[in-house]
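Chain residues, written in single-letter form:
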Amino acid sequence: MTILKFYGGIGEVGGNKILLKDQDTEILLDFGKNFERERQYYDAPYLEPREERHLLALGILPPIEGLYKKGEGLRDTAGILLSHPHIDHMDYIRYIKDEIPIYCGETTKTIIVTREFTGRTSSSDYYIANLTAQRGEKIFKDFRTFRTGDVVKIGSIEIEPIHVDHSVPGAYGFIIRTSGGTIVYTGDFRLHGTEADMSFQFIEKAKASKPDALIIEGTNVGEGKVSSEQEVRDKTMEIIVQTKALVIASFSPVDIDRLRTFYEVAKANRRKLALSTKQAYLIEALEEDKGLSIFNLSDPNILIFARQKRKPQTWEKRLLESYPNVVESAALSQAQDEIILSATFYDMNEMCDIRPEAGTVFILSQSEPFNEEMEIDFKKLLNWMEYYGIPLYNIHASGHAAPLELKETISQIAPKKVYLIHTERPKLYQQFIRDLNIKTLCPEPAQEYQI
Ligand SMILES: [Zn+2]
Ligand SMILES: [Zn+2]
């Protein structure tokens, strides 16, 4: 018997956690942070869940015995399979016992680990990885990585990971073969990105596998946005050509496609792209990833922006000492019309030193409201814009497929049944595809479904 249980992404975007049990083998598909539910109770950094039991009590972490660090026993879970490194798909692995293996793509591992190294330090009990001057790089989880073309065998389950295009590199969909039938899980995907071909290859293979069940996301099913990375590039170009002062660009730190777009647009306008140290550190880590073709940090069109800090962390110090193209606020302030500054809401204090000249514009190039990577308070951002006298442009292409694309994907893959998750509008989704004559399910939390 093969059973599915859904614990997240039900009537909400993100926080996916799907338990799959086939004979004696149990795995979990994704184990993401639930931003929406956490926001109902917490207010970071003043009030945050300190221990797993807080999230368990609130019903935000699924009650699975023997899985969590401070709980008793060790569950016989064969592994957690991560589709991609967005926080809403992986962050709660920090609460899971370190012995349980984490299966993911190589790029996904690099991004997760790098983000831990450079991120805000949470309780040391829940480190995924950590970097200190004394101890160096330390990875606490048992990561087992794969690439497209690999077949991963976990007990009685056989998994074929296939790349998909999404707003972060290293995203995968899966064809999962079990004794009870074949399941396809899309993870998050889009069909309008720069690597749309990867998603089409996934759909092709998923179709050929004649799946019994399809688990598909539906982030954008209620609201279609017709856009592409090329469109983002063209619109950004139009704004920058007209701007005679500083251009500030705000986008997800792991959206490498968007980073590349701003790099290209900067270059075409004879501006330099000034990156944050965190971004620079990630690019350095991803340089070895040949599939990504990302620029080098020593590229003449790149600057590394050193924030005013009393005590930079070890990694930051090393980075700033390794590259000649580091720039501080004072120098940046002197050359505003020659720069695109990659900065977010969190850099607004820094703007005091940069003193943006009249005519500065802010390009907000991220709009997923639930936030896969960071939470911004839009109202507060607008207050800062008011204070500095900077107008805001919103230019974005989503990381997720549009309504008609979702429907066409389901129709193409033609499963016997489809589970609709990762959407705020499961009922709309169900209605929208009812003429496909495929059994559709909007799963209930923690209920068992036989595939
Ligand atoms: Zn997601
Ligand atoms: Zn995602």
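Before any of the text, the structure's been laid out above.
Here the structure is a predicted model, which means the values were calculated and not measured.

A separate point is helix 6 (residues 229-242). Compared with an ideal rise of 1.5 Å per residue, which puts 14 residues at 20 Å, helix 6 spans 20 Å between its outermost C-alpha atoms and is within 8% of the ideal. Those residues of helix 6 lying buried are Glu229, Val232, Thr236, Ile239 and Ile240. Buried positions in helix 6, seen along its axis, are confined to an arc of 95° and lie on one side of it. Opposite the buried face of helix 6, by more than 90 degrees, sit the exposed residues Glu238, Val241 and Gln242. Each element contacted by the buried residues of helix 6 is listed here: strand 14 (247-250), helix 7 (256-268), strand 18 (339-342), strand 19 (361-364) and strand 20 (392-394).

Before going further, it helps to examine helix 4 (residues 106-118). A rise of 1.5 Å per residue sets the reference length of helix 4, with its 13 residues, at 18 Å; its end C-alpha atoms lie 19 Å apart and thus fit the reference within 8%. Most of helix 4 is tucked away: 10 of the 13 residues are buried. By the burial criterion, the buried members of helix 4 are Thr107, Thr108, Ile111, Ile112, Val113, Thr114, Arg115, Glu116, Phe117 and Thr118.

Phe31, Ile80, Leu259 and Leu273 are the most contacted members of the largest nonpolar core, which has 64 residues in total. Ranked by the residues each element gives to this core, the list is headed by helix 7, at six residues. When residues of this core are assigned to domains, at least three map to each of domain 1 (2-223 + 400-450) and domain 2 (229-394). When sequence neighbours within four positions are dropped, the list of residues in contact with Ile80 reads Leu28, Asp30, Phe31, Ile93, Ile96, Ile100, Pro101, Ile102 and Tyr103.

Conventions adopted
- Residues numbered from 1 in each chain as written.
- Chains lettered and ligands numbered in written order.
- Predicted model: local features only at pLDDT ≥ 70, side-chain atom pairs only at ≥ 80, totals over all residues.
- Heavy atoms only, no water.
- Helix = DSSP H or I, 4+ residues; strand = E, 2+ residues; numbered from the N terminus.
- Expected span 1.5 Å × (residues − 1).
- Buried < 20%, exposed > 50% of the residue type's maximum accessible area, 1.4 Å probe, protein only.
- Arc of directions from axis to C-beta.
- Contact = heavy atoms within 4.5 Å.
- Core = buried A, V, L, I, M, F, W, Y, C linked by side-chain atoms within 4.5 Å.
- Domains from an automatic or database assignment.

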